[in-house]
Amino acid sequence: GAGVSQSPSNKVTEKGKDVELRCDPISGHTALYWYRQSLGQGLEFLIYFQGNSAPDKSGLPSDRFSAERTGGSVSTLTIQRTQQEDSAVYLCASSLLRREVDTQYFGPGTRLTVL
Amino acid sequence: KQEVTQIPAALSVPEGENLVLNCSFTDSAIYNLQWFRQDPGKGLTSLLLIQSSQREQTSGRLNASLDKSSGRSTLYIAASQPGDSATYLCAANTGNQFYFGTGTSLTVIP
């Protein structure tokens, strides 16, 4: 079956504009995760969803970042009033259930460049 | 806050060598420790997952160990091949968040 998909693959935007990043998890996967990978740095955990709810949003770097998930499937990460420091690769992952033994399946990422 | 460190940051070895990648974490209260592989321009692929109650996991030429008390995990790659060239990341699952190291960039020279 299809893996995790993300769109767009690349996004170039101007400082101050809003952007939406989309993640389509593997069908049937209950848990969905968003990460950010900046150049030369490790992955930064942003948020995870269990179904449509996000129990922990503390990883979001500022109130300009928000995420939602509808129908227990597609998720959108929105960044408002983008800043240059938002430039990074945004990765999405999904798993069957957010359990200790679960394996996350990652999408290819969206490379965001803020000019 | 959990901090995950990976050493070395980069490693270059000739084909056929055995090698060890290191991962350390500051908070031993983890549910599991995962090793991932990331190829340029692509997402991450899970290699091995070690539950907190386990000491090691093996998959083919890969063996990962976990010592929670000392906050360390190692990934052992036997008989390295050029196709093993990639960035290897470890991640500690604390139950609420997943903390990733900055990775080890491995190059296997034919």
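Our subject is the structure listed above.
Residues numbered from 1 in each chain as written. Chains lettered and ligands numbered in written order. Predicted model: local features only at pLDDT ≥ 70, side-chain atom pairs only at ≥ 80, totals over all residues. Heavy atoms only, no water.

Caption draft 1: Spatial organisation of the overall build of chain B. A count of helical and extended segments in chain B gives 0 helices and 11 strands. Going from the N terminus to the C terminus, chain B shows its helices and strands as β-β-β-β-β-β-β-β-β-β-β. Here chain B has a C-alpha radius of gyration of 13 Å; the compact-globule value for 110 residues is 13 Å, and the two agree. Seen along its three principal axes, the alpha-carbon backbone of chain B occupies a region of about 40 × 25 × 20 Å. Expressed as a percentage of its 110 residues, the buried residues of chain B come to 44%. Put simply, of all contacts in chain B between residues at least 6 apart along the chain, 53% involve residues at least 24 apart. A total of about 5,100 Å² of accessible surface is found on chain B, and carbon and sulfur atoms cover 47% of it. Mean positive and mean negative side-chain charge positions of chain B (7 and 8 charges, respectively) differ by 5 Å. (Helix = DSSP H or I, 4+ residues; strand = E, 2+ residues; numbered from the N terminus. Rg over C-alpha atoms; globule rule 2.2 N^0.38 Å. Buried < 20%, exposed > 50% of the residue type's maximum accessible area, 1.4 Å probe, protein only. Contact = heavy atoms within 4.5 Å. Areas by Shrake-Rupley, 256 points an atom, 1.4 Å probe, with all protein chains shown as cover. Lys, Arg positive; Asp, Glu negative; His and termini not counted. Charge placed at Lys NZ, Arg CZ, Asp CG, Glu CD.)

Caption draft 2: Structural view of the packing of aromatic side chains. Under the definition given, this model contains 10 aromatic pairs over all chains. Summarising the aromatic geometry, the rings of F106 of chain A and F36 of chain B are spaced 5.4 Å apart at their centres and angled 85° between planes, so their arrangement reads as edge-to-face. In this pair, F106 of chain A sits in strand 10 (residues 105-106) while F36 of chain B sits in strand 4 (residues 32-38), so the two residues belong to two different chains. An aromatic cluster of three or more residues is present, and its members are Y33, Y35, F45, Y48 and F106 of chain A together with F36, F98 and F100 of chain B. (Phe/Tyr/Trp six-rings, centres within 6.5 Å; stacked < 30°, edge-to-face > 60°.)

Caption draft 3: How the structure looks around the nonpolar core. Residues and elements named next belong to chain B. Counting 23 residues, the largest nonpolar core has V4, L33, W35, L75, I77, Y88 and L106 as the members making the most contacts within it. Where this core is concerned, the elements lending two or more residues are strand 3 (19-25), strand 4, strand 5 (44-51), strand 7 (62-67), strand 8 (72-77), strand 9 (86-93) and strand 11 (104-109). Setting aside anything within four residues of it in sequence, one finds L75 in contact with L19, V20, L21, W35, L47, L48, L62, N63, A64 and Y88. (Core = buried A, V, L, I, M, F, W, Y, C linked by side-chain atoms within 4.5 Å.)

Caption draft 4: Quick peek at the sheet that holds strand 3 of chain B. Residue and element names in this part refer to chain B. The 5 strands lie next to each other as 1-3-8-7-6, forming an open sheet whose pairing is antiparallel. Pairing within the sheet leaves two strands with one partner each, and these edge strands are strand 1 (4-7) and strand 6 (56-59). Sheet twist, expressed as the average angle between the axes of neighbouring strands with direction ignored, equals 15°. (Pairing = 2+ DSSP bridges. Axes fitted to C-alpha atoms, helices over the stretch in contact; angles between N-to-C directions.)

Caption draft 5: Just the pattern of salt bridges, in detail. Tallying each qualifying case throughout the model produces 6 salt bridges over all chains. Of the charged contacts in the structure, one is a salt bridge between R22 of chain A and D24 of chain A, with a shortest N-O distance of 2.8 Å. On the accessibility criterion, R22 of chain A (38% relative accessible area) is partly exposed. The class of D24 of chain A is partly exposed, set by a relative accessible area of 21%. In this structure, R37 of chain B engages D39 of chain B in a salt bridge whose closest nitrogen and oxygen atoms are separated by 3.1 Å. The exposure class assigned to D39 of chain B is partly exposed, which follows from its relative accessible area of 23%. (Salt bridge = Lys/Arg side-chain N within 4 Å of Asp/Glu carboxyl O.)

Caption draft 6: A look at the state of the cysteines. For the coordinates displayed, the defined rule picks out 2 disulfides over all chains. The disulfide partner of C23 of chain A is C92 of chain A, and the S-S distance across this bridge is 1.8 Å. The S-S bond linking C23 of chain A to C92 of chain A shows a torsion near -60°; that makes this disulfide left-handed. Placement of C23 of chain A in strand 3 (residues 19-24) and of C92 of chain A in strand 9 (residues 88-95) is noted, with a sequence separation of 69 residues between them. Accessibility classification places C23 of chain A together with C92 of chain A in one group, the buried group. Each sulfur in the disulfide pair C23 of chain B and C90 of chain B lies 2.0 Å from the other. (Disulfide = S-S within 2.5 Å.)

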